[in-house]
Structure formats: C-alpha cells, structure tokens
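The residues making up each chain are set out below.
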Amino acid sequence: MSNKIIKIALLDMYKGEPNQGMRCIIDVVNRFSPVVSFEIFDVRVKCELPDIKEFDIYISTGGPGNPLIGDGNWDVKYYAFIDSLHKWNTENAIKKHVLFICHSFQMACLHFGLATVTRRNDTSFGVMTIHKTKEGLTDPLFEGLADPFYGIDSRDYQVVQPKLSIFSKKGAKIISLEKIRDNVQYERAIMAVRFTDYFVGTQFHPEADPVSFISHLRNKQAKEKIRNMKGKRKFRNMLEDLLDDDKIYRTNETLIPNFLRIAINDLMKTKRMLSN
Ligand SMILES: NC(=O)CC[C@H](N)C(=O)O
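These remarks concern the structure in this document. (Residues numbered from 1 in each chain as written. Predicted model: local features only at pLDDT ≥ 70, side-chain atom pairs only at ≥ 80, totals over all residues. Heavy atoms only, no water.)

Summing up its helical and strand segments, the chain has 10 helices and nine strands in all. Rg of the C-alpha trace for the chain: 18 Å, near the compact-globule value of 19 Å for 276 residues, within the 12% margin. Seen through its principal axes, the chain has C-alpha atoms that stretch 60 × 40 × 40 Å. A buried classification covers 49% of the 276 residues belonging to the chain. For the chain, the share of sequence-separated contacts (at least 6 apart) that also reach a separation of at least 24 residues comes to 78%. A total accessible area of about 13500 Å² is found for the chain, and carbon and sulfur atoms account for 51% of it. One way to put it: in the chain the 41 positive side-chain charges average out to a point 2 Å from where the 34 negative ones average out. (Helix = DSSP H or I, 4+ residues; strand = E, 2+ residues; numbered from the N terminus. Rg over C-alpha atoms; globule rule 2.2 N^0.38 Å. Buried < 20%, exposed > 50% of the residue type's maximum accessible area, 1.4 Å probe, protein only. Contact = heavy atoms within 4.5 Å. Areas by Shrake-Rupley, 256 points an atom, 1.4 Å probe, with all protein chains shown as cover. Lys, Arg positive; Asp, Glu negative; His and termini not counted. Charge placed at Lys NZ, Arg CZ, Asp CG, Glu CD.)

With that out of the way, let us pick up the pairing of strand S8 (residues 190-194). Burial analysis of S8 places five of its five residues in the buried class, which makes it a mostly covered element. As judged from the four bridges shared by strand S7 (residues 173-178) and S8, these two strands associate in the antiparallel manner. Residue pairing for S8: Lys 173 is matched across the bridge by Arg 194. (Pairing = 2+ DSSP bridges.)

Right, let's get into the side chain of Thr 254. Among the secondary structure elements, Thr 254 is positioned in helix H10 (residues 245-275). A polar side-chain atom of Thr 254 sits 2.5 Å from the main-chain carbonyl oxygen of Arg 250. Leave out the neighbours within four places in its chain, and Thr 254 touches Glu 143, Gly 144 and Leu 145. (Polar contact = N/O pair within 3.5 Å; in protein donor to acceptor, adjacent residues only side chain to side chain.)

Turning our attention to the environment of Arg 119. Structurally, the position occupied by Arg 119 is in strand S5 (residues 116-132). In this structure the C-alpha to C-alpha distance between Arg 119 and Ile 59, which are 60 residues apart in sequence, comes to 24 Å. Among residues more than four places away in sequence, those in contact with Arg 119 are Asp 156, Tyr 157 and Gln 158.

In the region of the ligand, the neighbouring residues are Gly 62, Gly 63, Pro 64, Gly 65, Cys 102, His 103, Gln 106, Ser 154, Arg 155, Asp 156, Tyr 157 and His 205. A distance of 2.8 Å separates a nitrogen atom of the ligand from a polar backbone atom of Ser 154. Bound to the protein, the ligand loses 93% of the 300 Å² it would expose on its own. Breaking the shell around the ligand down by element, the ones donating at least two residues are helix H4 (103-111) and strand S6 (149-160). Here the shell around the ligand gets four residues from one element, more than from any other, and that element is S6. Tallied by class, the residues present in the shell around the ligand amount to three nonpolar, seven polar and two charged. (Near = heavy atom within 4 Å. Nonpolar A, V, L, I, M, F, W, Y, C, P; charged D, E, K, R; others polar.)

With respect to burial, strand S1 (residues 6-12) is a largely interior element, seven of its seven residues being buried. In S1, alternate side chains face the same way, and those of Ile 6, Ile 8, Leu 10 and Asp 12 on one face and Lys 7, Ala 9 and Leu 11 on the other are all buried. Note: S1 against strand S2 (residues 36-42), seven bridges, orientation parallel. Bridged to Lys 7 within S2 is Ser 37. Viewed along the sheet, the connection from S1 through helix H1 (residues 21-30) into S2 turns out right-handed. Taken together, the four bridges between S1 and strand S3 (residues 57-60) define a ladder with parallel strand orientation. Residue Leu 10 lies in a different strand from S3, and its bridge partner there is Ile 59. (Right-handed = clockwise from strand over helix to strand, strands pointing away.)

By themselves, these figures tell us nothing about what the structure is for.
Written out as structure tokens, the structure reads:
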C-alpha cells in the first residue's frame, strides 16, 4: 500500500465490459500522482467496495445498461455505501469527496430522490453543448469552462422531472442542463448536480478525451450506428469539434482536475488543522 497522502477509490461500474472511461479517469488521476494514489474496485462484477476509512476521494464511473435495475446484490451494497459516505460527512471533520459520472450520476439522482430517470427515444452520443444554470455559473467544478461548454455524451437514459422541493430540502443544485432541443416536446435533461459541498455528479463524461472517442469509433458497427443516427454532415462536424482546443480537450483538462484540486486542498487543510 502506498503511503501517499491522499487515496482515491475508483468505483468501476463498467460490469466488465470494454470501455474508454477507466483509461481516461486513470489518465487524469495520474496527473496528480505526486500527491495521490488510487485503487480500483469492481462494483458490478465482483461486488467490491472500498473500506471507507482507507480512502479520501471516490470517483464512481459510467457503465452500461438500465440504471433503474441492479441484481439486488451489488446495487444494494452500492447504495448502502453511498449512504455511509454521506453519513460520514455529517459526523467527521475530514470529508469524503465523491464524483459520480453518467451511470453513477443517474443512480445517485434516483437514490437521493431528486428526479426521475427515463429511457430516451434515441441514444445520445457525441460531442454535446452543456449549459450552465445560474447556480452552475459560480460552481467551482466548472471554473475555467465557458458557458456553454462541451462534453462527451454516451447514454440511452436521462435524468428529468426534477423534484425541486427535494432539491431545496437537501440543498442540492442543478448546475447544468442539456441544450435546448429542436423538438420542443422534449424537456431538457439534467446534465450535472451538486448534491452537497462534497458530492457532485455529471451526466456527461468529463474524463473523455478525443483519443477515447475516436477509439470507440474504430469499431465499424459503432461508427455506422452513429453516422446513420446523426447524418453525414453532423457526424463530420462532431469529428471537427474533437480537434478544437476549447471543446473536449478543455473539459478533460478542467473538470475532473477542478474536482480533485478542490478535494485535495480541502483534505490537506483539514488534515493539517487536525494535526496541529
Ligand atoms: N455511459 C454511461 O454511463 C451510460 C449510462 C446508462 N447506462 C445509459 O445508457 O444512460
């Protein structure tokens, strides 16, 4: 076991399926390697979860399938674990910081009773514009990102119909929304939530980098599916978006690094205070 000061647990929710998420998250986390170490927990296949006392920061990944359904084993343990992290933060000075991505974000919204999760009419996949809400404009998670900013989306489900009274009761905030869609019959889905000062989540993939996206499209079937869905012109525009410095590169360089920097600063400050 490494004795670096800050320990990160990566909660792998990919169910053993091939994905780009893990490599990208590890790549971002490694940028902080002088001060952090990490360990991976396979939640959905091996039902692994960390010892809460051992880790300071938790990144819970995206994953396949319906977020409303688990197997009655890993999902029950996962939710109980989220509850214990939440409880820990109400009782202890040194806080646990959690980032929920995509599948985990949907599960967290459900678990905290903040909104409904429904299946979309079609898959959302590609470079999307993400709009900050008023609360999002000042949220430190998005510092350094424009409004709108860009994110990689890859999902069949959506978080909608926020229960605003529960948001205000819990002090949670919607910090970003989907773009306004051409077809007004669709409501805008929630793209990020600040659950508490220490728990935050995004529907999109802030870890994604252009290489991961292109690797995904090397699979002929995946490429054809997306091209047919979007049409040739939109598909080409999306590939061009990938090359812009201020789109996916910017989000990759900004959002998770913000989350980690905020968490690390907070942890170092409290740990120092308590050791004095
Ligand atoms: N990339 C993801 O984590 C996808 C989340 C979820 N399985 C969905 O399809 O909406």
